[in-house]
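Letter by letter, the chains look like this.
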Amino acid sequence: MRRSGSRPGEQRTHSCGANRLDKAAVTSLAATAGRFRTAWPLPKQTQRSMHHGMARVARVKMSAGRRRAASASAMAIGLIFALLPSGETAEARISGVGIGVPRLAATTATPSLQIGVSTHYHSALASSYAAQDFATLRASGIRNIREDLLWKIVQPTGSDTFDWAVYDRFFATAAAQGMTVLPILGYGTGWATGSNLNRMPSTAVQRTEFANFSKAVVLRYGAGGSFWKGAKPGGSAPVTAVEVWNEPWFPGPASPRDYSALVLATSAAVKSVAPSIQVVANVDERVRRLADGSTQDWGAAVLNTLPDNSSAVDAWAIHPYPRAGREAAVTSANDALAQVADLQLLLGQHHQTGNLWVTEVGFSSLPSQTDPLGSPTAAANAVTQVVRGWSQRKVANPVTRMYLYTYGRQSSQNVADYRYALLRADGTATPTLVALANAVGAGP
């Protein structure tokens, strides 16, 4: 979820993940592609065209050897998803609006991949359309949402006072529609971290205060939490996981060491009162330019500061938005799939276990810097492809959750989010939302 006007990948420098692909990974991916080729053979001309297109994924600033490895890996990824059956075409209807989009085959979205959406509704529940939007979400078959749970709202004045009014309303609304919330614990609050609310806690005292806030959240909204005491309309939907901060690599001065320390402190506090709560940490492989002009790979730097096989982290988060500057032959969906594959390799190199959660990803319905060919149809197709890919692949650190950005209405007042919004201005579903509904089996 964005705290600035740009999406990940726009006006930023990113690493080319193919630089890190090793021979074993290429062999594994190629073998997987071979298995799919056997099941669903394509004409040789199609295979040749795919090879020539996908092999261009990482030719910039790479040695010949690395280029060959990246080309083989990218071709394998492309083959995996192109060789899968495309499924039937269906006319899906959500909120009474019919939109023709490709529908996934019934066996594509497996129970191992939970699908949800990122939302921004905690401050909009009083709007006239909030109830309608939540009902539309329920009709789409989606039961998982991801929402900011802001420290500054819960504890605006000090460590001894809590104001739960905003989030009590939000959790009650979500639970009434059968939604389970993944709260993003963040960001700063003036009395603890100063006037820059994007600044991450960087001292032991600040981390302790943030950890105490996190513990209070699960004591209220986790299983057996104080909020769920007594009857609630629609029943209860307790929190089962928390995400520590959102995109800690952007913006600003946070260091990987500070983030690792915050994750460890938060995890210890949360698990001291709710051991079953899953703690999610962000290890996106984002290349950041530092003040001295040098660069830093965020994900690798964070993992370097955590102990191997850390029990503090239950799931690893990534936001694989399509990257600017990629070759035209690399589709937005394949770029997202490649980023996830790179992170799976990196986690293995650092001996980290745990599932991978795509806690945020989006595909533009309009041409943009990161996706010059963006359109409603292209965005819907990309969703279909990544759901299929993350459902089918059986690898270490598999993807078990995916949250699509962003569930809300298109608005000319928010141009940055307009192209990612899953609802039109009148509250009807976009093709992207329909594709997501098909993926979870809510289509006709």
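Predicted model only: the values in this text are computed from it and were never measured.

(A) View of the pattern of salt bridges. As enumerated under the stated definition, the model contains eight salt bridges in all. Here Arg-323 ties to Asp-335 by a salt bridge, and the two come within 2.6 Å at their closest N and O atoms. Taken together, the positions of Arg-323 in the loop between β10 (315-318) and α11 (332-349) and Asp-335 in helix α11 put the pair twelve residues apart, joining distant regions of the chain. The residues Arg-323 and Asp-335 share a single accessibility class, namely buried. One salt-bridge network, in which partners are shared between bridges, spans Arg-146, Glu-243 and Glu-360.

(B) Focus on the packing of helix α8 (residues 204-221) against helix α9 (residues 256-273). Where α8 contacts α9, the axes come no closer than 8 Å and their chain directions differ by 40°. By the criterion of interaxial angle, the relationship of α8 to α9 is oblique. Between α8 and α9 the crossing geometry is right-handed. Residue-level contacts link Arg-207, Phe-210, Ala-211, Ser-214, Lys-215, Val-218 and Leu-219 of α8 to Asp-258, Ala-261, Leu-262, Ala-265, Thr-266, Ala-269, Val-270, Ser-272 and Val-273 of α9.

(C) Highlighting the pairing of strand β5 (residues 180-186). Taking burial as the measure, the seven residues of β5 include six buried ones, the bulk of the element. One ladder, built from seven bridges, connects strand β4 (residues 144-150) with β5; its direction is parallel. Residue pairing for β5: Asp-148 is matched across the bridge by Ile-184.

(D) Highlighting the environment of Phe-134. Structurally, Phe-134 is set in helix α4 (residues 130-139). With 273 residues separating them along the chain, Phe-134 and Tyr-407 place their C-alpha atoms 9.7 Å apart. The contacts of Phe-134, once residues within four sequence positions are left out, are Tyr-121, Leu-125, Ile-145, Phe-170, Thr-173, Ala-174, Gln-177 and Met-179.

(E) Focus on the confidence of the model for the protein. Looking at the protein, pLDDT values average 78 and 72% of them are 70 or higher. Contacts of residues 1-93 to residues separated by more than four positions or lying in other chains number 180 contacts, the stretch itself having pLDDT below 50. Between residues 95-109, whose pLDDT stays under 50, and residues either more than four places distant or in other chains, the model counts 49 contacts.

(F) Layout of the packing of aromatic side chains. Per the stated rule, a full pass over the model turns up 20 aromatic pairs. On the basis of an interplanar angle of 20° and a centroid distance of 5.8 Å, the ring pair of Trp-151 and Phe-213 is categorised as stacked. Here Trp-151 is found in helix α5 (residues 151-154), whereas its partner Phe-213 is found in helix α8, with 62 residues between them in sequence. Within the aromatic cluster, the residues linked to one another by ring pairs are Tyr-121, Phe-134, Phe-162, Trp-164, Phe-170, Phe-171, Tyr-221, Phe-227, Trp-228 and Tyr-407. It is Arg-401 that lies over the ring of Trp-357; its NZ or CZ is 4.1 Å from the centre.

(G) Spotlight on the sheet that holds strand β6 (residues 241-244). Taken in spatial order, the eight strands of this closed barrel run β3-β4-β5-β6-β7-β10-β11-β12, and their pairing is parallel. On average, each strand axis in the sheet is tilted by 30° relative to the strand beside it, whichever way the strands run. Inspection of the sheet shows strand β7 (residues 278-282) paired to β10 by three bridges, in the parallel sense. Within the sheet, the bridge partner assigned to Val-280 lies in β10 and is Ala-315. Packing of helix α12 (residues 376-392) onto the sheet brings it into contact with β3 (114-119), β11 (355-361) and β12 (399-407), and relative to β12 it is tilted by some 160°.

Basis of the calculations
Residues numbered from 1 in each chain as written. Predicted model: local features only at pLDDT ≥ 70, side-chain atom pairs only at ≥ 80, totals over all residues. Heavy atoms only, no water. Salt bridge = Lys/Arg side-chain N within 4 Å of Asp/Glu carboxyl O. Helix = DSSP H or I, 4+ residues; strand = E, 2+ residues; numbered from the N terminus. Buried < 20%, exposed > 50% of the residue type's maximum accessible area, 1.4 Å probe, protein only. Axes fitted to C-alpha atoms, helices over the stretch in contact; angles between N-to-C directions. Parallel < 35°, antiparallel > 145°, perpendicular 65-115°, else oblique. Left-handed = near helix turned anticlockwise from the far one by under 90°. Contact = heavy atoms within 4.5 Å. Pairing = 2+ DSSP bridges. pLDDT = per-residue confidence, 0-100. Phe/Tyr/Trp six-rings, centres within 6.5 Å; stacked < 30°, edge-to-face > 60°. Lys NZ or Arg CZ within 6 Å of the ring centre and 35° of its normal.

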